[in-house]
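Per-entry structural report
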Amino acid sequence: MSSIFWRPLPVMTLTIRQFTGGRAVWVVFALGFIPAIFAAIYLIGNETVSRLDYLNNNILEMFFPILLPIATMILATAAIGNEIEDRTLPYLTLKPLSRFRIVVEKWLGSIWVALPAILIGLLVACLILFRDQASDYQRVIVSALVASAIGICAYCGIFLLISLLIQRALLAGIIYTFVIENVLGRYLKGLRVVSIQHYVKSIYDHLQNTPAAVSSHAASLSTAIIVLVSATAIALLLATWRLTRMSLD
């Protein structure tokens, strides 16, 4: 029965098997559980700030701009990057599949592995932090998970494209994450329009449905979703264009 389910998506299946059989997924799991460590530190320490403030100002301020993109980048850049490095991409393109389908299935495979690998750690962190009050903060927890999931989908598309354009995709992704989204983004407010984390944070703020939680710099919910969906679609189309024109000899 499972083979019937996977048969229409052979490249996605191959990608998932490659990830689950490698070390990258364990690195991503480890990164995903860093928020849980910070939540445990709060648990054993003195509660000098509220749990929600600690989540927003400590855990998510580290998770959204740093851990989320880096963890996603490790998988997304390896999805096709490993095929290029191992010189197996020409064999993949010999299959009776369009270049667009190969790109989309690689993207889906990356998402399939990245979502649980990254979000489980964030969920555990929230459950540790709110422990006996989880039901009261259910909307906050769901908002953080949904915003992160949308961010993972967008980052997977963008980093997949980078892996086809630049040989050292992991290095380029790190530069984008730290230099553009974090360092320059804090001082040059105009860079927010090309910052994935800005829209992810905006979605998180709005999904809480608490006006006080929405930052004055946050984009509207519809704008954030449209931008991330558009960025993902454009990245996948450009990745298809690049794969079509690559020399695979």
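Details of the structure are given in the entry above.
As a starting point, this report considers the structure included with it. (Residues numbered from 1 in each chain as written. Predicted model: local features only at pLDDT ≥ 70, side-chain atom pairs only at ≥ 80, totals over all residues. Heavy atoms only, no water.)

Some words on the packing of helix α3 (residues 24-32) against helix α5 (residues 51-85)
- Across the interface, α3 lies against α5 with an axial gap of 9 Å and an inter-helix angle of 170°. By the angle between their directions, the pair α3 and α5 is classed as roughly antiparallel. Residues Ala-24, Val-25, Val-27, Val-28 and Leu-31 of α3 form the contact with α5, whose participating residues are Leu-67, Ile-70, Ala-71, Ile-74 and Leu-75.
- Partitioned by chemical class, the residues of the contact of α3 with α5 number ten nonpolar, no polar and no charged. (Axes fitted to C-alpha atoms, helices over the stretch in contact; angles between N-to-C directions. Helix = DSSP H or I, 4+ residues; strand = E, 2+ residues; numbered from the N terminus. Parallel < 35°, antiparallel > 145°, perpendicular 65-115°, else oblique. Contact = heavy atoms within 4.5 Å. Nonpolar A, V, L, I, M, F, W, Y, C, P; charged D, E, K, R; others polar.)

What to know about the nonpolar core
- With 78 residues, the main nonpolar core has Leu-55, Phe-63, Leu-68, Ile-118, Leu-129, Ile-196 and Tyr-204 as its most contacted residues.
- Of all the elements, α5 adds the most residues to this core, at 18 residues. (Core = buried A, V, L, I, M, F, W, Y, C linked by side-chain atoms within 4.5 Å. Buried < 20%, exposed > 50% of the residue type's maximum accessible area, 1.4 Å probe, protein only.)

Quick notes on the side chain of Thr-15
- Inspection of the secondary structure puts Thr-15 in helix α2 (residues 10-20).
- With relative accessibility at 0%, the residue Thr-15 sits in the buried group.
- One polar contact links Thr-15 to Lys-106, side chain to side chain, over a distance of 3.3 Å. (Polar contact = N/O pair within 3.5 Å; in protein donor to acceptor, adjacent residues only side chain to side chain.)

Looking at the packing of aromatic side chains
- Within the structure shown, the criterion is met by six aromatic pairs.
- When the ring of Tyr-42 is compared with that of Tyr-54, the centres are 4.6 Å apart and the planes differ by 35°; the resulting orientation is tilted. A residue pair is termed long-range when its members are at least 10 positions apart, and Tyr-42 in helix α4 (residues 34-44) and Tyr-54 in helix α5 qualify at twelve residues.
- Residue class for Tyr-42 comes out buried when judged on its relative accessible area of 5%.
- Judged by relative accessible area, Tyr-54 falls into the buried class, the value being 10%.
- An angle of 15° between the planes, with centres 4.2 Å apart, marks the rings of Phe-130 and Tyr-137 as stacked.
- With relative accessibility at 0%, the residue Phe-130 sits in the buried group. (Phe/Tyr/Trp six-rings, centres within 6.5 Å; stacked < 30°, edge-to-face > 60°.)

Geometry only, nothing functional implied.
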